[in-house]
Amino acid sequence: MSNIGSYDERIKDFSWALSEKELEYRDGDVINIGWYCSDRICQQGNGDKPALIWEGLGGVEKRYTFNDVRLASNTIGHFLRGLGISAEDRVCLFMDKIPELYLGFLGVLKIGAIAQPLFSAFGDESLYVRLENARTKAIITQRKHVGKVRKIVEKMPWLEHIIIVDHDGKKELKERETVFSLENADPVEQFEIHPTTAESPSVLHYTSGTTGQPKGVKHVHYSLISQYLTARWVLDLQDGDIYWCTADPGWVTGTSYGIIGPWSLGITQCVLDTGFSPDSWYKFIQKNRVTVWYSAPTAIRSLMKAGSEKVKEYDLSSLRHLASVGEPLNAEAVIWSEKVFGRPFLDTYWQTETGSMMLTNFPGMKVKPGSMGKPFPGIIATVVDVDTFEPIAEPGKVGLIAFKPGWPAMMRTYWNNEETYNSKFINGWYLPGDRAHIDNEGYFWFTGRDDDVINTGGHLVSPFEVESALLEHEAVAESAVVAKPDEVNMEVVKAFVTLKPGFEPGPDLELKIMNFIRKKLSPLAMPQEIEYVDNLPKTRSGKIMRRLLHAREWGEEIGDTSTLEDDE
Ligand code: PRX
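Everything numeric in this text was worked out from a predicted model, so none of it was measured. (Residues numbered from 1 in each chain as written. Predicted model: local features only at pLDDT ≥ 70, side-chain atom pairs only at ≥ 80, totals over all residues. Heavy atoms only, no water.)

J.: Would you explain the overall build of the protein chain in this entry?
T.: Looking only at helices and strands, one finds 19 helices and 28 strands in the protein chain. Its C-alpha radius of gyration of 23 Å places the protein chain within 12% of the 24 Å reference for a compact globule of 568 residues. When its C-alpha atoms are laid out on the principal axes, the protein chain stretches across 70 × 65 × 50 Å. Counting across all 568 residues of the protein chain, residues that qualify as buried make up 61%. Contacts spanning at least 24 positions in sequence make up 69% of the contacts within the protein chain whose residues lie at least 6 apart. Carbon and sulfur atoms form 49% of the exposed surface of the protein chain, whose accessible area is close to 22,900 Å². (Helix = DSSP H or I, 4+ residues; strand = E, 2+ residues; numbered from the N terminus. Rg over C-alpha atoms; globule rule 2.2 N^0.38 Å. Buried < 20%, exposed > 50% of the residue type's maximum accessible area, 1.4 Å probe, protein only. Contact = heavy atoms within 4.5 Å. Areas by Shrake-Rupley, 256 points an atom, 1.4 Å probe, with all protein chains shown as cover.)

In structure tokens, the structure reads:
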């Protein structure tokens, strides 16, 4: 029996008060995600239950019970407090998927500070713009990543502490650097958790837009009310489950459903901190007897590519529920997963800004492969006309996805960027910036983004950020960056560049430019192809027409270019 039972019944008189009741939260109470994910589970008598089963390179394993999570997050919180970090200070978590990332996240929240997780593969430039925007006070990182922080530290007088969690004592520490070792620290049994309330800020996740620098999406502790119930009903997490969320907590899926959702429910989760390969993933599921698996379409397509025979080499019979997020989940992937795993991957749609799942497929609901499903109970969703912003009544007609604001996990603002935040609301709707249509049974079907942001393997990349970084390369005069179709990642980054005089186009330079971006920004943002051109198409006002280049890549009609030229 699934947790949700009947979708139609659940949606009838739905109120978020139901989640508040299950969490024993009343309006005005103290609510702290760190406490809910550890202390409360221990108080319920589950302190000895495994919370985290972690595997790193070479099969090294570490295990933590809920009591261990409680103690470790207390200990990290205590250490941070000792450094003078207090409520609402931003603390960046810049680590691989090591236990300290998960435990540190809760420790930061316990002292009322704001957790700012950043993807550890980010290069120094990506890191800098996000730390600069948030005026981050401390960064928790590893030896292998500290070099990137050192490169930019002089530009960041506000960054007071650089905390290294795996320092071996061999190399000398530089200014502002401190060592913290979870293994060697005295566990803190009694800890005074900061009395955060519903609207206290909790997490700051950065997301990329078409123009401008990345935006810091500000969430609050009350988001728990959404994350708890969606994890319970959509992921169907139940007491004996072994759950695996493959997302990195540098991105929102890895925190909302890789930490908060499962741990607030007292669920055991496992983490694999190694690179992707079909064998290592199947082996991990087999070894840990994973029951619920939340992943992303690119991973599923990569598994598909490795073939159905590969699946048969492993015993994956423990799997009972699979879900996916981050990019369009194509019908073939749903059908294939049903064939080889005995159950389909169920699609969910949401974004950094929404904080929790919005459009979902539930256990027990009719699955229409290729559809994102229906709104989660309590979510009022529609598609609106692209010009009038009025809801479209006609099934099948494409419009902009629109949500009525008011669910608990909705972002509260973009950090220091109220103007862009306000621009996301029109006619009383929140517009996430995606297009879809709704069929006659109320299922939503994704048709594309409404902007130029590139979604590569479920990660958003801003063409603006890549173009700006390209211009810093000595050979590049001008650049335009668009998405290019890709069989597995759906989209990859492609750059068109014009060169400065004296530079010869060719594969050597292409490699150099690619590496330059990989190091500065990240492997995700690295162009997979660079096309040298003599000129870039421009509007009369001199703005580069990305849309024209995009249409060419996708073999689409270019349409009326005269309007494009007049554009903007
Ligand atoms: O364009 C949509 C796409 O990913 C965007 C959100 O990205 P991000 O904020 O990084 O969060 C990703 C994980 C929550 C959306 O605006 N997207 C997300 N889920 C889907 C999707 N596109 C199609 N189908 C989905 N299920």
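J.: Got a minute to help me understand the domain arrangement of the protein chain in this structure?
T.: How big an interface is tends to be expressed through the accessible area that disappears when the partners come together. The domain architecture assigned to the protein chain consists of domain 1 (7-436) and domain 2 (454-554). Each of domain 1 and domain 2 was reduced to a C-alpha centroid, and the two centroids are 30 Å apart. At the junction of the two partners, domain 1 supplies 25 residues and domain 2 supplies 22 residues. For the pair domain 1 and domain 2, the summed buried surface comes to about 1,800 Å²; carbon and sulfur atoms form 54% of the total. At the junction of domain 1 and domain 2, the tally comes to two salt bridges. With a shortest N-O distance of 4.0 Å, K520 and E125 are connected by a salt bridge. On the surface where domain 1 and domain 2 come into contact, there are twelve residue pairs in polar contact (both at pLDDT 80 or more). The set of elements that each furnish at least two residues to the side of domain 1 that touches domain 2 consists of helix 7 (124-134) and helix 12 (297-306). (Domains from an automatic or database assignment. Buried area = accessible area lost by both parts, 1.4 Å probe. Salt bridge = Lys/Arg side-chain N within 4 Å of Asp/Glu carboxyl O. Polar contact = N/O pair within 3.5 Å; in protein donor to acceptor, adjacent residues only side chain to side chain.)

J.: I tried to follow the site of the ligand on my own but got confused; where do I start?
T.: D347, T348, Q351, T352 and D434 are the nearest of the 18 residues found near the ligand. Separating a nitrogen atom of the ligand from a backbone N or O atom of G326 is a distance of 3.2 Å. One of the side-chain nitrogen or oxygen atoms of D434 is found 2.6 Å away from an oxygen atom of the ligand. Burial of the ligand by the protein amounts to 96% of the accessible area it has alone, namely 550 Å². Its residues assigned to classes, the shell around the ligand shows eight nonpolar, six polar and four charged. (Near = heavy atom within 4 Å. Nonpolar A, V, L, I, M, F, W, Y, C, P; charged D, E, K, R; others polar.)

J.: I keep staring at the sheet that holds strand 14 (residues 345-349) and nothing clicks. Help me out?
T.: Each strand in a sheet pairs with another by means of backbone hydrogen bonds, the pair being arranged parallel or else antiparallel. Taken in spatial order, the nine strands line up as 2-1-11-10-12-13-14-15-16 in an open sheet, and their pairing is mixed. In this open sheet, the two strands that pair with only one neighbour each are strand 2 (61-65) and strand 16 (374-375). In this sheet, strand 11 (residues 268-272) lies alongside strand 1 (residues 50-55) in parallel orientation, the contact comprising four bridges. Among the inter-strand pairings, W54 is bridged to a residue of strand 11, identified as V271. In the packing of helix 6 (residues 99-110) onto the sheet, contacts are made with strand 1, strand 2 and strand 11, and the angle to strand 2 comes to roughly 25°. (Pairing = 2+ DSSP bridges. Axes fitted to C-alpha atoms, helices over the stretch in contact; angles between N-to-C directions.)

J.: Looking at this structure, how should I read the state of the cysteines?
T.: A covalent bond between the sulfur atoms of two cysteines is what we call a disulfide. A complete count under the given rule lists zero disulfides for this structure. Left without a disulfide partner, C245 is nearest to the cysteine sulfur of C270, which lies 10 Å away. C245 sits in the buried class, given a relative accessible area of 5%. Taking the relative accessible area as the measure of exposure, C270 reaches 0% and is therefore buried. (Disulfide = S-S within 2.5 Å.)

J.: Would you mind showing me how to read helix 4 (residues 39-46) here?
T.: At 3.6 residues per turn, the α-helix brings residues three or four places apart onto the same side. If you check which residues of helix 4 are buried, you get D39, R40, I41 and C42. Summarising the contacts, the buried residues of helix 4 are in contact with helix 2 (17-22), helix 3 (33-36), helix 5 (66-82), helix 6 and helix 10 (252-264).

J.: What's the story with the environment of E22 in this structure? I'm lost.
T.: Note that E22 resides in helix 2. For E22, a relative accessible area of 26% puts it in the partly exposed group. Between the C-alpha atom of E22 and that of K215, which follows or precedes it by 193 residues, the distance is 33 Å. Sequence-distant contacts of E22, defined by excluding residues within four places in its chain, comprise R40, Y228, L229 and R232.

J.: Looking at this structure, I do not really get helix 5. What am I missing?
T.: Taking 1.5 Å per residue as the helical rise, helix 5 with its 17 residues ought to reach 24 Å, and the 24 Å between its terminal C-alpha atoms agrees with that figure. Among the residues of helix 5, F66, V69, R70, L71, A72, S73, N74, T75, I76, G77, F79 and L80 are the ones counted as buried. With its phi angle positive at about 95°, G84 sits one or two positions after the end of helix 5. (Expected span 1.5 Å × (residues − 1).)

J.: Before we go on, may I ask you to explain the pairing of strand 17 (residues 381-384) in this structure?
T.: Both faces of the sheet carry side chains from a regular strand, because those side chains alternate between them. By the alternation rule, side chains of strand 17 split into A381 and V383 and T382 and V384, which are all buried. Of the strand pairs in this sheet, strand 17 and strand 18 (residues 399-403) are connected by four bridges, and their pairing is antiparallel. Residue T382 lies in a different strand from strand 18, and its bridge partner there is A402.

J.: Please clarify how the packing of aromatic side chains should be interpreted in this entry.
T.: Here the structure, examined in full by the defined rule, presents 33 aromatic pairs. Seen from their ring centres, W281 and W293 are 6.3 Å apart, and the 65° between their planes marks the pair as edge-to-face. Taken together, the residues W281 in helix 11 (residues 278-288) and W293 in strand 12 (residues 292-295) connect sequence positions twelve residues apart. Across the pair, W293 and W281 agree in class, each one buried. Taken together, the ring pairs in this structure connect W244, F276, W281, Y282, F284, W293, Y314, W336, F341 and F345 into an aromatic cluster. Stacked on the ring of W54, the Lys or Arg K62 has its end atom at 5.6 Å from the ring centre. (Phe/Tyr/Trp six-rings, centres within 6.5 Å; stacked < 30°, edge-to-face > 60°. Lys NZ or Arg CZ within 6 Å of the ring centre and 35° of its normal.)

J.: Help me understand the packing of helix 4 against helix 5 in this model?
T.: For any two helices packed against each other, the geometry is given by the interaxial angle and the distance between the axes. One way to put it is that helix 4 packs onto helix 5 with a least axis distance of 9 Å and a crossing angle of 145°. Here helix 4 and helix 5 pass one another in a crossing that is left-handed. Residues D39, I41, C42 and N46 of helix 4 form the contact with helix 5, whose own contacting residues are F66, N67 and R70. Residue classes in the contact of helix 4 with helix 5 are distributed as three nonpolar, two polar and two charged. (Left-handed = near helix turned anticlockwise from the far one by under 90°.)

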